[in-house]
Amino acid sequence: MKRYGTVFLNAYTNSPICCPSRAAMWSGLFTHLTESWNNFKGLDPDYVTWMDLMEKHGYRTQKYGKLDYTSGHHSVSNRVEAWTRDVDFLLRQEGRPMVNLTGDRKHVRVMEADWRNTDKAVNWIKEEAVNLTQPFVLYLGLNLPHPYPSPYAGENFGSSTFLTSPYWLEKEPVLPCLGPAQEWSCGCSPGERAAQALELLWRNLGLSSVCQRRFSEVNYEAIKIPKWSSLSLMHPVDYYSSYTKNCTGKFTKQEVRNIRAFYYAMCAETDAMLGEIISALRDTGLLKKTVVIFTADHGELAMEHRQFYKMSMYEGSSHVPLLVMGPGVKAQQQVPDVVSLVDIYPTMLDIARIPVPQNLSGYSLIPLLRGKAENEVSPRGPRPSWVLSEFHGCNVNSSMYMLRTGKWKYIAYSDGRSVLPQLFDLTADPDELTNVAIKFPLIAHSLDKLLRSIVNYPKVSSSVQQYNKRQFISWKQSLGQNYSNVIANLRWHQDWLKEPKKYENAIDKWLSQSQ
């Protein structure tokens, strides 16, 4: 896709978690406008998406795999953790991140559900799309490279397992300096060396937000181990996230290296599924007249900033891959402009030549894909020089808002006063290790002013707090006498059951407080 299409170097999710991010992509609206506050609260089931409009205008539409943009899904634990994030307690909500090697070197289809959906999409292309007289739009949603469930963590387990097979972990990539698996001159195992090559490969292709880093030199001897701040120096919201994700304990370099290696292997398996779709389009003669878009709802920290998963505004979590190829798309083009997932909605309508609603948060990517100046063709004027991402869900004890513009990333929290903001210079500090908000107060103030002109974030944060409390009260009342038993046995059960009364009292205190 990079060779024959366009890569967006600075694409972002509008909310770094599954359902709210997808709600933004399917609606074209920022998270605070759709009020997609957490994985339980997304769009209404009858919301009119860009695919609905395309179907209305004569397109044959087909969806396979993970959708996850409407309300009412995900686990009870997930929603309760989001509702209670303002409660004065700290509980581990995930199993410790770990790796799991399964099968042998012939085990290709590790994520079987994704492969089944890929097969369905391939068959649909070969049996249905090829015979259509009308245009079509096909959506395939994959779960990979999302971590797998962790049943070892006990009842109501989360997803903290990075799982792959030797086929993907030890598969010898076609890259220079790699010999037969038994002849590594550095003494590394085949899996380690293959993972190192995968890191370089994915970074060069622009397909992994975790790999989007500027290295002064290429180190073939080991996967890069991310630098961590000491626990005492972490931003308070980062500490909460790291603790609830069960990442504040000790990790050896080998553990971190393995997690990252397995994640890259999971990315490679994802890429193979994309390859199946492209091959099916090519084999049916449809590739040259079909626009193909590859993106993701969020990234994966893979132990950067002492965290795994997403729910963070750091690059590994908020930056997403976005590649496009097809008729009218400039080949071998790298676009540095900041873009985000709300841009998918107007882009899809633009491709179908359907009038684009003027109330959308996003802007069509078509001018950028064609290498044209946007202000020459867009009726809405030039594309903004910023993107917005926000998060209101679990594993973070404050609503947070990220503005990315130029070399700056500004992150504001809650009401803008109770939690210190963060400011990163991504040119000088691509790993986001130094908060320079105090060093550059005028820049921080200017960006905060711009952010407030886009969203009244103190008001939104207050609305989310009120929503959380209402939802929790309703849930608690629905349980009646079963409440104490149910809440004690959610994903945080290993900590909760040590002092159940203490944590129930903390919730009662929170419920008694006025907003």
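With the rule as written, the count across this model stands at 24 aromatic pairs. Ring centres of Phe-89 and Trp-496 lie 6.0 Å apart, and the angle between their planes is 75 degrees; on these two criteria the pair is classed as edge-to-face. Highlighted residues: Phe-89 in the loop between helix H4 (76-83) and strand S3 (98-101) and Trp-496 in helix H16 (residues 493-496), separated in sequence by 407 residues. Ring pairs connect the aromatic residues Trp-26, Trp-50, Tyr-69 and Tyr-139, which therefore count as one cluster. When the ring centre of Phe-251 is taken as origin, the NZ or CZ atom of Arg-96, which lies over that ring, is 3.7 Å away. Geometry around Tyr-483 places Lys-476 over its ring, the cationic atom sitting 4.9 Å from the centre.

What follows covers the packing of helix H14 (residues 457-479) against helix H17 (residues 500-512). Contact pair H14 / H17: the axes reach a minimum separation of 11 Å and the direction vectors enclose 125 degrees. On the basis of the axis angle, H14 is oblique to H17. Considering how the two elements wind past one another, H14 and H17 form a crossing that is left-handed. Along its contact with H14, which presents Asn-468, Lys-469, Phe-472, Ile-473 and Lys-476, the element H17 presents Ile-507, Asp-508, Trp-510 and Leu-511. A breakdown of the residues in the contact of H14 with H17 according to their chemical character gives five nonpolar, one polar and three charged.

With that settled, the discussion passes to the confidence of the model for the protein chain. Of all residues in the protein chain, 89% attain a pLDDT of 70 or more, and the chain-wide mean is 89. Here residues 172-195 is modelled with pLDDT under 50, and outside its nearest four sequence neighbours on either side it reaches 37 contacts, counting other chains as well. Under a pLDDT of 50 for its full length, residues 200-221 has, in the predicted model, 59 contacts with residues more than four places off or in other chains.

Our next topic: the nonpolar core. Judged by nonpolar contacts, the single largest core of 48 residues is most densely connected at Tyr-148, Phe-162, Met-303, Met-311, Phe-391, Met-400 and Ile-411. Residue assignment for this core shows that the elements contributing at least two residues are strand S5 (161-164), helix H6 (166-169), helix H9 (253-283), strand S9 (386-391), strand S10 (400-405) and strand S11 (408-413). Not counting residues within four places of it along the chain, the set of residues in contact with Phe-391 comprises Ser-15, Pro-16, Ile-17, Arg-85, Met-311, Met-313, Val-396, Ser-398, Ser-399 and Met-400. Listed in part, the 41 residues of the second largest apolar core include Trp-83, Tyr-467, Phe-472 and Ile-507.

Take the pairing of S10 next. Counting buried positions along S10 yields six of six residues, so the element is predominantly enclosed. Here S10 shows two buried faces, one formed by Met-400, Met-402 and Arg-404 and the other by Tyr-401, Leu-403 and Thr-405. As defined by bridge partners, S9 adjoins S10 across six bridges and the pair is classed as antiparallel. By the bridge assignment for S10, Leu-388 is matched with Leu-403. Here S10 hands over to S11 after two residues, with Gly-406 in that stretch at a positive phi of 60 degrees.

We now examine the side chain of Thr-270. Position of Thr-270 among the secondary structure elements: in helix H9. On the basis of relative accessibility, which here comes to 5%, the residue Thr-270 falls in the buried class. Once residues within four sequence positions are removed from consideration, Thr-270 is found in contact with Leu-142, Leu-144, Pro-145 and Phe-294.

Moving on to the sheet that holds strand S7 (residues 322-325). Across the sheet, four strands lie side by side as S6-S7-S1-S8; this open sheet has mixed pairing. The open sheet has two edge strands with one neighbour each: strand S6 (292-295) and strand S8 (333-340). If you compare each strand with its neighbour and ignore which way they point, the axes differ by 20 degrees on average.

Before going further, it helps to spend a moment on H14. Between its first and last C-alpha, H14 extends 33 Å over 23 residues, near the 33 Å set by a 1.5 Å rise per residue. Residues Tyr-457, Pro-458, Val-460, Ser-461, Val-464, Tyr-467, Asn-468, Lys-469, Phe-472, Trp-475 and Leu-479 constitute the buried set of H14. Two residues or fewer past H14, Gly-480 is found with a positive phi of approximately 60 degrees.

Before going further, it helps to examine the environment of Ser-21. Relative to the elements of secondary structure, Ser-21 occurs in helix H1 (residues 18-27). Classification of Ser-21 by relative accessible area gives buried; the value is 0%. Discounting chain neighbours no more than four positions away, the residues touching Ser-21 are Thr-13, Ser-15, Asp-297 and Leu-341.

We now examine unusual backbone geometry. Negative phi characterises most residues that are not glycine, and trans characterises most peptide bonds. Looking along the chain, the bond that leaves Leu-144 and enters Pro-145 is cis, with omega of 0 degrees. Relative to the elements of secondary structure, Pro-145 occurs in the loop between strand S4 (136-141) and S5. Phi at Asn-395 takes a positive value of approximately 65 degrees, unusual for a residue other than glycine. Note on placement: Asn-395 falls in the loop between S9 and S10. The residue Glu-432 is not glycine, and still its phi comes out positive at about 55 degrees.

Below, the discussion takes up the sheet that holds S10. Taken in spatial order, the four strands of this open sheet run S9-S10-S11-S12, and their pairing is antiparallel. The open sheet terminates on both sides in strands that have one partner only, identified here as S9 and strand S12 (422-425). Geometrically, the sheet is characterised by an average inter-axis angle of 15 degrees between neighbouring strands, direction not taken into account.

We now examine the pattern of salt bridges. Counted according to the given criterion, the structure contains 19 salt bridges. Between Arg-260 and Glu-304 there is a salt bridge; the shortest N-O distance is 3.4 Å. Of the two residues, Arg-260 is situated in helix H9 and Glu-304 in the loop between S6 and helix H10 (315-318); the sequence distance between them amounts to 44 residues. Like Arg-260, the residue Glu-304 is buried in the burial classification. Where Lys-409 meets Glu-432, a salt bridge forms, and the shortest distance between an N and an O atom there is 2.7 Å. Taken together, the residues Lys-409 in strand S11 and Glu-432 in the loop between S12 and helix H13 (441-454) connect sequence positions 23 residues apart. As far as the burial class goes, Lys-409 and Glu-432 line up, both buried. Among the charged side chains, a network of salt bridges with common partners joins Glu-81, Glu-94 and Arg-491.

Criteria and cut-off values
- Residues numbered from 1 in each chain as written.
- Predicted model: local features only at pLDDT ≥ 70, side-chain atom pairs only at ≥ 80, totals over all residues.
- Heavy atoms only, no water.
- Phe/Tyr/Trp six-rings, centres within 6.5 Å; stacked < 30°, edge-to-face > 60°.
- Helix = DSSP H or I, 4+ residues; strand = E, 2+ residues; numbered from the N terminus.
- Lys NZ or Arg CZ within 6 Å of the ring centre and 35° of its normal.
- Axes fitted to C-alpha atoms, helices over the stretch in contact; angles between N-to-C directions.
- Parallel < 35°, antiparallel > 145°, perpendicular 65-115°, else oblique.
- Left-handed = near helix turned anticlockwise from the far one by under 90°.
- Contact = heavy atoms within 4.5 Å.
- Nonpolar A, V, L, I, M, F, W, Y, C, P; charged D, E, K, R; others polar.
- pLDDT = per-residue confidence, 0-100.
- Core = buried A, V, L, I, M, F, W, Y, C linked by side-chain atoms within 4.5 Å.
- Buried < 20%, exposed > 50% of the residue type's maximum accessible area, 1.4 Å probe, protein only.
- Pairing = 2+ DSSP bridges.
- Expected span 1.5 Å × (residues − 1).
- Salt bridge = Lys/Arg side-chain N within 4 Å of Asp/Glu carboxyl O.

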